[in-house]
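Coordinate analysis (summary)
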Amino acid sequence: MDSKFDRLAEIAREAGCEEYVKDAQRKAQEIISNDRLSIAVTGRANVGKSTLINRMVSMEVVEEGAIPDEDHRPVRICFERTPDNERYRCVTVINGAWNERGAEIYELHECNSDEIADKDFVLFVVSVMTPFTAQEVAQLKSMAGLPCQVVLSCMNLIPETARDKVIDYAGKMTASLGLPPAIVFEDSSAQDIGRTIRNLLPDYNELREIRVSRSKAVFENTVSHVASMLEQAVNDE
């Protein structure tokens, strides 16, 4: 892959976008070399992202219902000591099961496509009070190709008689989007939720394939950008 990027950089020099190619090459290298499995927890505001994370790790590590900190950095939950950085506010948690899995969990207050693209697995939280809004459907479609699991929240806020209908509707929606059936976490213990989600995560070989595919996608997108810039340069002559 590096040799392809190097060749592309030579071509891009003529279009004045060599640095763009080098940045993309660094991104592709980071995807392949990352030694931690990154999990994004995302969704609309007030759908239960923080609650899900706290249940996953069996302790309150993220303030539920809190407004994002003033510099708008997303939260990164690590299971080995990690300092804050420019991109994330880091919280270190002692949890053997998650650390053994080699994971990091990111709470993304906004479904930012650039942030999501960097992650290995996405937990997309949907409130059953207003499930699958047009915005949520668009966001899920934009994540095509990424391993994604929809999680239904706030089930305790609707009558028991309506829950089966909501789950059935969610099943139809996830199927139409090419996603696995949604899971519900309110009725399970914290330990069960953590185990359930860890069992959904890709194993080493699957993760390797995912990352190779993502790095190839970065290269293909970069080729398209360079081609566009070259065409513009030719038209400007």
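Residues numbered from 1 in each chain as written. Predicted model: local features only at pLDDT ≥ 70, side-chain atom pairs only at ≥ 80, totals over all residues. Heavy atoms only, no water.

1. Topic: the layout of surface pockets
Condition: We place a 1 Å grid over just the protein atoms. Points where a 1.4 Å probe fits but has no way out form a cavity, open points with protein on both sides within 12 Å along at least 5 of 7 lines form a pocket, and any residue with an atom within 4 Å of a point lines it. Grid points are joined across faces, edges and corners, and a volume is the space filled by probe spheres set on the points. Numbering of helices and strands starts at the N terminus; helices are DSSP runs of H or I of at least 4 residues and strands are runs of E of at least 2. Only Asp, Glu, Lys and Arg are considered charged, only Ala, Val, Leu, Ile, Met, Phe, Trp, Tyr, Cys and Pro nonpolar, and every remaining residue, Gly among them, polar.
Space inside the largest pocket adds up to approximately 560 Å³. The wall of the largest pocket is formed by 22 residues, among which Lys 27, Ala 117, Ala 217, Val 218 and Asn 221 lie closest to the centre. Breaking the lining of the largest pocket down by element, the ones donating at least two residues are α2 (18-33), α5 (113-117), α6 (134-142) and α9 (204-236). It is α9 that contributes the most residues to the lining of the largest pocket, 6 residues altogether. Here the residues of the lining of the largest pocket sort into 11 nonpolar, 7 polar and 4 charged. When its volume is computed, the second largest pocket comes out at roughly 440 Å³. If you trace the second largest pocket, you find 17 residues lining it, with Glu 30, Asn 34, Arg 87, Asp 118 and Lys 119 closest to the centre. Among the elements of the structure, α2, β4 (103-108) and α9 are those that each provide at least two residues to the lining of the second largest pocket. The dominant element in the lining of the second largest pocket, judged by the number of residues it contributes, is α2, at 3 residues. Of the residues that constitute the lining of the second largest pocket, the class distribution is 3 nonpolar, 3 polar and 11 charged.

2. Some details on the pattern of salt bridges
Quick note on the threshold: Salt bridges are defined as contacts in which a side-chain nitrogen from Lys or Arg sits within 4 Å of a carboxyl oxygen from Asp or Glu.
What the rule picks out here adds up to 11 salt bridges. A salt bridge links Lys 22 to Glu 18; its shortest N-O distance comes to 3.5 Å. Taken together, the positions of Lys 22 and Glu 18, both in helix α2 and 4 residues apart, correspond to about one turn of that helix. For the salt bridge of Asp 120 with Arg 214, the shortest nitrogen-to-oxygen distance reads 2.7 Å. On the criterion of sequence distance, the pair formed by Asp 120 in the loop between α5 and β5 (121-127) and Arg 214 in helix α9 is long-range, its members being 94 residues apart. When salt bridges with common partners are traced through the structure, they connect Arg 13, Glu 18 and Lys 22 into a single cluster.

3. Considering the environment of Glu 115
Which entries qualify depends on this criterion: Residues are treated as being in contact if the distance between any of their heavy atoms lies within 4.5 Å.
Mapped onto the elements, Glu 115 comes out in helix α5. For the pair formed by Glu 115 and Arg 87, sequence separation is 28 residues and the distance between their alpha carbons is 9.9 Å. In contact with Glu 115, other than residues within four places in its own chain, are Pro 74, Arg 87, Tyr 88 and Leu 108.

4. Looking at the nonpolar core
If you look at soluble globular proteins, the nonpolar side chains tend to sit buried side by side. Definition in use: The set of buried Ala, Val, Leu, Ile, Met, Phe, Trp, Tyr and Cys residues whose side-chain atoms join them within 4.5 Å is what this entry labels a nonpolar core. Only protein chains enter the accessibility calculation, which uses a 1.4 Å probe; a residue is then buried when its area is under 20% of its type maximum, exposed when over 50%, and partly exposed in between.
Ranked by internal contacts, the top residues of the largest apolar core, which has 28 residues, are Ile 39, Leu 52, Met 56, Ile 77, Trp 98, Ile 105 and Leu 123. At the level of secondary structure, the elements contributing two or more residues to this core comprise β1 (37-42), α3 (49-57), β2 (75-78), β4, β5 and α8 (190-200). With 4 residues, α3 is the single largest residue contributor to this core. Dropping the residues within four chain positions of it, Met 56 is found in contact with Trp 98, Ile 105, Leu 123, Ile 193, Gly 194 and Ile 197. Residues Val 122, Met 143, Leu 152 and Leu 179 belong to the second largest nonpolar core, which totals 27 residues.

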